Amino acid sequence: MSRLLLSTISIFQLLQGCSGDLSRPVMIDGQISTTEWADAHVVTLDSLNSIYSKSDEYYYYVAVKSKLTKPLYVDVFIQQASGLLNIHASSQLGARPLPDSTWTDTEPPTPWGYTVGWTANTVRFDRKKMQLARDSMLEVNPYSSSYIAYDGMEFQFSKKHFDLNNALWRIEIRNMIGPEGFQPVIFPVNSTRKQTINWTTLNF
């Protein structure tokens with residue numbers, strides 16, 4: 001029995017040496033399950049919104065989980081030593097470097113599909129339901145009635161391209177359906193877009 005126990009421990013230690021911290025795998029699909037993120041650090045923004053962060057040997061992972069009215073999208077601002085990056089995840093993915101404080105929502109433009117070193121889930125829609133909503137005489141928002149259910153946005157960052165241990169973060173949760181949607185949720189709440197003094201690090 002003791003030899004078997006020692007063998008089991010040795011195999012476990014070998015696996016640890018080969019695969020880092022054995023972090024639970026994450027499928028980047030917007031379904032933010034408690035099983036996948038059980039080993040994550042969690043920041044609770046309020047009763048409806050939380051941010052999860054963790055890493056393994058090769059990747060950093062961040063999830064923005066929200067119970068707000070959907071569809072919603074997320075803008076992430078990351079200040080690294082190499083510069084400031086704005087990552088956008090909605091029905092499209094894109095990232096743009098922000099070289100100075102003169103940037104706006106539209107300048108410099110976001111190159112859609114630019115996901116070098118990172119990925120995220122996208123907001124998806126049932127096209128048939130959307131068309132039915134548009135064709136109906138009812139005042140139905142075609143986006144809110146046709147999105148495919150999701151919990152929020154999940155991000156994966158390659159450690160070959162990103163060094164996020166000391167990076168500063170600002171995260172914006174925004175609605176896609178216009179004035180009838182919710183007001184933006186900002187993390188950290190006291191931060192501003194163009195001054196990183198109140199931005200925060202995430203634990204990985």
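Here is what the cut-offs are and how they apply
- Residues numbered from 1 in each chain as written.
- Predicted model: local features only at pLDDT ≥ 70, side-chain atom pairs only at ≥ 80, totals over all residues.
- Heavy atoms only, no water.
- Salt bridge = Lys/Arg side-chain N within 4 Å of Asp/Glu carboxyl O.
- Buried < 20%, exposed > 50% of the residue type's maximum accessible area, 1.4 Å probe, protein only.
- Phe/Tyr/Trp six-rings, centres within 6.5 Å; stacked < 30°, edge-to-face > 60°.
- Helix = DSSP H or I, 4+ residues; strand = E, 2+ residues; numbered from the N terminus.
- Pairing = 2+ DSSP bridges.
- Axes fitted to C-alpha atoms, helices over the stretch in contact; angles between N-to-C directions.
- Core = buried A, V, L, I, M, F, W, Y, C linked by side-chain atoms within 4.5 Å.

S.K.: Go over the pattern of salt bridges with me, naming the residues and quoting the values.
M.R.: Under the counting rule described, the total for this entry stands at five salt bridges. Across the pair Glu172 and Arg174 runs a salt bridge, and its minimum N-O distance is 2.9 Å. The exposure class assigned to Glu172 is buried, which follows from its relative accessible area of 0%. Where Arg193 meets Glu172, a salt bridge forms, and the shortest distance between an N and an O atom there is 2.8 Å.

S.K.: Please provide a residue-by-residue account of the packing of aromatic side chains, values included.
M.R.: Enumeration according to the criterion identifies eleven aromatic pairs in this entry. For the pair Tyr60 and Phe204, a centre-to-centre distance of 4.9 Å together with 65° between the ring planes defines the contact as edge-to-face. Note that Tyr60 is positioned in strand S3 (residues 59–66) and Phe204 in the segment after strand S10 (185–187), a separation of 144 residues in sequence. Accessibility expressed as a relative area gives 4% for Tyr60, which makes it buried. With 6.4 Å between their ring centres and 55° between their planes, Phe77 and Trp199 make a pair best called tilted. Highlighted residues: Phe77 in strand S4 (residues 72–80) and Trp199 in the segment after S10, separated in sequence by 122 residues. With respect to class, Phe77 is no different from Trp199; both count as buried. One aromatic cluster in this structure is built from Tyr60, Phe155, Phe157, Phe162, Trp169 and Phe204.

S.K.: Requested: an account of the sheet that holds strand S7 (residues 118–120), with residues and values cited.
M.R.: Spatial strand order, S1-S2-S3-S8-S7: five strands in an open sheet with antiparallel pairing. Edge positions in the sheet fall to strand S1 (41–44) and S7, since each of these pairs with one other strand and no more. The sheet shows a mean angle of 15° between the axes of neighbouring strands, taken without regard to direction.

S.K.: Requested: an account of the environment of Gly83, with residues and values cited.
M.R.: Turning to its location among the elements, Gly83 is positioned in strand S5 (residues 83–89). Sequence spacing of Gly83 and Ala167 is 84 residues, and the spatial spacing of their C-alpha atoms is 9.9 Å.

S.K.: An account of the nonpolar core is requested, with residue identities and associated values reported.
M.R.: In this structure, Ile87, Trp118, Phe155, Phe157 and Trp169 are the most contacted members of the largest nonpolar core, which totals 33 residues. Looking at this core, the elements that each hand over two or more residues are S3, S4, S5, strand S6 (93–97), S7, strand S8 (152–158), strand S9 (168–175) and S10. For this core, the leading source of residues is S4, giving four residues. Among the nonpolar cores identified, the runner-up in size contains seven residues, and Ala40, Tyr52, Tyr61 and Ala63 belong to it.

S.K.: I'd like to hear about the pairing of S9, residue by residue, with values.
M.R.: For S9, a buried count of six out of eight residues is recorded, marking the element as mostly surrounded by other parts of the structure. Direction of pairing for S4 relative to S9: antiparallel, over a ladder of eight bridges. Across the sheet, residue Tyr73 finds its bridge partner in S9, namely Arg174.

S.K.: Quick one: what's the story with unusual backbone geometry, residue by residue and with numbers?
M.R.: With an omega of 10°, the peptide bond between Lys70 and Pro71 qualifies as cis. On the secondary structure map, Pro71 appears in the loop between S3 and S4.

S.K.: Explain the pairing of S5 to me, using residue names and the numbers behind them.
M.R.: Each regular strand shows side chains that alternate between the opposite faces of the sheet. Of all seven residues in S5, six are buried; the element is thus mostly enclosed. As defined by bridge partners, S4 adjoins S5 across seven bridges and the pair is classed as antiparallel. By the bridge assignment, Gln79 is partnered in S5 with Leu84. If you look at the hairpin formed by S4 and S5, you'll find two residues sitting between the two strands. Here S5 pairs with S6 via five bridges, running antiparallel. For Asn86, the partnering residue across the bridge sits in S6 and is Arg96.

Purely spatial values, then, with no claim about function.
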